[in-house]
Amino acid sequence: MAKIGTNLKALRLRRHLSMRDLAQRSGISHTTISLIERDRISPTVDTLQAVLDALGSRLSEFLGGLTEGSGSPFYPADDTPEIGNPETISYRLIGLNHPYRAFQFLRV
């Protein structure tokens with residue numbers, strides 16, 4: 001599984017920023033940034049976007065580097081299990097067995 005924190009830390013260090021500098025620029029606490037960089041927590045998409053904006057990077061480029069060589073972007077039916085109630089609202093987990101899955105994507 002890809003480590004978002006390791007890649008985020010490397011990007012921050014390439015920009016010569018301290019955690020506190022990045023926290024001030026992004027509006028995300030330095031404690032949260034530290035936890036993300038140590039892969040103790042997985043950031044929400046909004047949090048990751050705020051941090052990447054502060055680093056001058058785009059989410060698509062950052063995530064594209066994490067999944068390089070990961071194969072097809074399409075998933076077979078058995079790799080999208082139903083986790084909701086299809087009679088009311090269907091929730092399908094996308095890419096359950098994807099080797100680089102660090103986010104949980106749902107199809108509603």
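Everything below is about the structure printed above this text.
Residues numbered from 1 in each chain as written. Predicted model: local features only at pLDDT ≥ 70, side-chain atom pairs only at ≥ 80, totals over all residues. Heavy atoms only, no water.

Caption draft 1: A look at the overall build of the chain. In terms of helices and strands, the chain carries five helices and two strands. Residue burial in the chain is summarised as follows: out of 108 residues, 30% are buried. By sequence separation, contacts in the chain at least 24 residues apart represent 44% of the contacts at least 6 residues apart. Accessible area for the chain stands at about 7100 Å²; split by element, carbon and sulfur atoms hold 51% of it. (Helix = DSSP H or I, 4+ residues; strand = E, 2+ residues; numbered from the N terminus. Buried < 20%, exposed > 50% of the residue type's maximum accessible area, 1.4 Å probe, protein only. Contact = heavy atoms within 4.5 Å. Areas by Shrake-Rupley, 256 points an atom, 1.4 Å probe, with all protein chains shown as cover.)

Caption draft 2: Geometry of the environment of Arg-92. With respect to the helices, strands and loops of the structure, Arg-92 is situated in strand 1 (residues 92-94). Placed eleven residues apart in sequence, Arg-92 and Pro-81 show a C-alpha to C-alpha distance of 5.4 Å.

Caption draft 3: Here's a closer look at the side chain of Glu-37. Within the secondary structure layout, Glu-37 lies in helix 3 (residues 30-37). For Glu-37, the residues in contact, after removing those within four places along its chain, are Gly-5, Thr-6, Leu-8, Lys-9, Arg-12 and Met-19.

Caption draft 4: Fine view of the packing of helix 2 (residues 19-26) against helix 3. Packing of helix 2 against helix 3 leaves a shortest axis separation of 8 Å and a crossing angle of 115 degrees. Between helix 2 and helix 3 lies a crossing whose hand is right-handed. Taken together, the residues of helix 3 that come into contact with helix 2 (itself represented by Met-19, Arg-20, Leu-22, Ala-23 and Ser-26) are His-30, Ile-33, Ser-34 and Glu-37. (Axes fitted to C-alpha atoms, helices over the stretch in contact; angles between N-to-C directions. Left-handed = near helix turned anticlockwise from the far one by under 90°.)

Caption draft 5: Structural view of the pattern of salt bridges. Within the structure shown, the criterion is met by one salt bridge. The salt bridge involving Arg-12 is made with Glu-37; its shortest N-O contact spans 2.6 Å. Taken together, the residues span a long stretch of sequence, with Arg-12 in helix 1 (residues 4-14) and Glu-37 in helix 3 at a distance of 25 residues. Judged by its relative accessible area of 6%, Glu-37 is buried. (Salt bridge = Lys/Arg side-chain N within 4 Å of Asp/Glu carboxyl O.)

Caption draft 6: View of the nonpolar core. Counting residues in each nonpolar core, the largest one holds 16 residues, and the members touching the most others are Leu-8, Leu-48, Val-51, Leu-52, Leu-55 and Phe-62. It is helix 4 (residues 45-54) that provides the largest number of residues to this core, a total of four residues. Leave out the neighbours within four places in its chain, and Phe-62 touches Ile-4, Asn-7, Leu-8, Leu-11, Leu-48 and Leu-52. (Core = buried A, V, L, I, M, F, W, Y, C linked by side-chain atoms within 4.5 Å.)

Caption draft 7: Quick look at helix 2. Considered for burial, the residues of helix 2 that qualify are Leu-22, Ala-23 and Ser-26. For helix 2, the arc enclosing every buried residue in end-on projection is 105 degrees, short of the 170-degree limit, so these residues lie on one face. Along helix 2, the residues that are exposed and aim more than 90 degrees away from the buried face are Arg-20, Gln-24 and Arg-25. Buried residues belonging to helix 2 abut helix 1, helix 3 and helix 4. Gly-27, located one to two residues past helix 2, shows a positive phi value of around 80 degrees. (Arc of directions from axis to C-beta.)

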